[in-house]
Amino acid sequence: MKIFYSFEKLNAALNKRRQDKKRIGFVPTMGALHMGHLSLIKQAARENNTVVVSIFVNPAQFGPKEDMKKYPRPLKNDLSLCRRSGVDFIFLPDSKSMYPRPYSTFVNVEGLNEVLCGSVRPGHFRGVATVVAKLLNIVRPDVLYLGQKDAQQAVIIARMINDLNFPVRVKVMPTIRENDGLALSSRNAYLSGKERNDAVVLSKALLLAQTLIDNGQRQADRIISRMKQLISKKRSARIDYAGIVDLENLMPLKKIKPGCLIALAVKIGKTRLIDNVVVNQGRFSKQRKPCPFKYV
Ligand code: AMP
């Protein structure tokens, strides 16, 4: 496994791979890697000859009140996980090289940016889309691997790729969870023992929604209010949003339809967690295949 700090050297190494007709799979991350990231990396290793992972805590996607400095950075452990999971190249840029001064260009995926997480984290997805666009230009992969855990992010990036004609395919892999259903996240490390127990309420609420749908409920507002009731039973929980939306345009739906997205953001104590399911995708434990995102 080779580590690159500069675009130029990474580019030279990747050009050589491209000349040798090697397929390149790319997994962008912010580090603090866990089994969720590793599932993307392993899928990339199965389907490509060269796997590139970037680790970059992107300042452009943190709001002024969000503590980017606190974001975990266990680099040594991340590198050893990557080494054991079949990564060929690690890209570790710094902020100065990603956002040289003066810097003026940002990508705004209009309409998808402002809803769900975008409504509570203004500017967040502008930062995400911008950094992914830059990374795609630097790495020029054949396939980009993303996690369904960040479903809105995946929808926004897929739209950007379509709109701006990036020559790359996207694969959105299912959310990896703890045994009790909690979606793995680098932010779970912030939870106290009690909060960790309470955090399982996100996946419980999504399972409740699925059960209601299985039993014939089609009214989105009824389902949302049952989810909110369940979550509110935990005193540490504060709901940012609970939404049922169309997976293509992220607009709220009145009635459930196959393939729609049920998404949650809940603060447990001070830690903001997100989770989601796609209706009719099957229960958590059965999810192995890439998600049926429409235009991916
Ligand atoms: P991050 O490091 O949080 O920016 O995440 C990097 C990639 O890993 C994103 O595409 C995430 O959606 C994905 N990811 C994060 N957590 C999970 C998880 N529990 N299961 C699957 N993918 C995940």
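To be clear, the structure that these remarks concern was listed above.
In what follows, the accompanying structure is described.

What counts as what
- Residues numbered from 1 in each chain as written.
- Predicted model: local features only at pLDDT ≥ 70, side-chain atom pairs only at ≥ 80, totals over all residues.
- Heavy atoms only, no water.
- 1 Å grid on protein atoms, 1.4 Å probe; cavity = no way out; pocket = protein on both sides within 12 Å on 5 of 7 lines; lining within 4 Å.
- Points joined across faces, edges and corners; volume = space filled by probe spheres on them.
- Helix = DSSP H or I, 4+ residues; strand = E, 2+ residues; numbered from the N terminus.
- Nonpolar A, V, L, I, M, F, W, Y, C, P; charged D, E, K, R; others polar.
- Near = heavy atom within 4 Å.
- Polar contact = N/O pair within 3.5 Å; in protein donor to acceptor, adjacent residues only side chain to side chain.
- Areas by Shrake-Rupley, 256 points an atom, 1.4 Å probe, with all protein chains shown as cover.
- Core = buried A, V, L, I, M, F, W, Y, C linked by side-chain atoms within 4.5 Å.
- Buried < 20%, exposed > 50% of the residue type's maximum accessible area, 1.4 Å probe, protein only.
- Domains from an automatic or database assignment.
- Contact = heavy atoms within 4.5 Å.

**Let's talk about empty space enclosed by the protein**
Any empty space left between atoms is shown by rolling a water-sized probe over those atoms. Scanning the entire structure with this criterion turns up one cavity of 30 Å³ or more. In this structure, the largest cavity spans a volume of roughly 50 Å³. Sorting elements by how many residues they give to the lining of the largest cavity places strand β9 (residues 271-278) first, with three residues. Taken together, the residues of the lining of the largest cavity sort by class into five nonpolar, two polar and two charged.

**Details of the site of the ligand**
Near the ligand, the surroundings consist of 16 residues, among which M30, H37, D150, I176 and L184 are the closest. L184 is positioned such that a nitrogen or oxygen atom in its backbone is 2.9 Å from a nitrogen atom of the ligand. When the free accessible area of the ligand is taken as 490 Å², the share hidden by the protein chains comes to 92%. Sort the elements by how many residues they give to the shell around the ligand and helix α2 (residues 35-47) lands first, with three residues. The residue makeup of the shell around the ligand, split by class, is seven nonpolar, seven polar and two charged.

**Examining the nonpolar core**
The biggest cluster of nonpolar side chains holds 50 residues, and the ones touching the most others in it are L136, L144, M160 and I161. Residues lining this core come from more than one domain, with at least three contributed by each of domain 1 (2-173) and domain 2 (186-285). Residues contacting L136, with those up to four places away along its chain left out, are F26, P141, L144, M160, I161, F166 and V168. If you look at the next biggest cluster of nonpolar residues, it comprises 29 residues, including A205, L208, I256 and C260.

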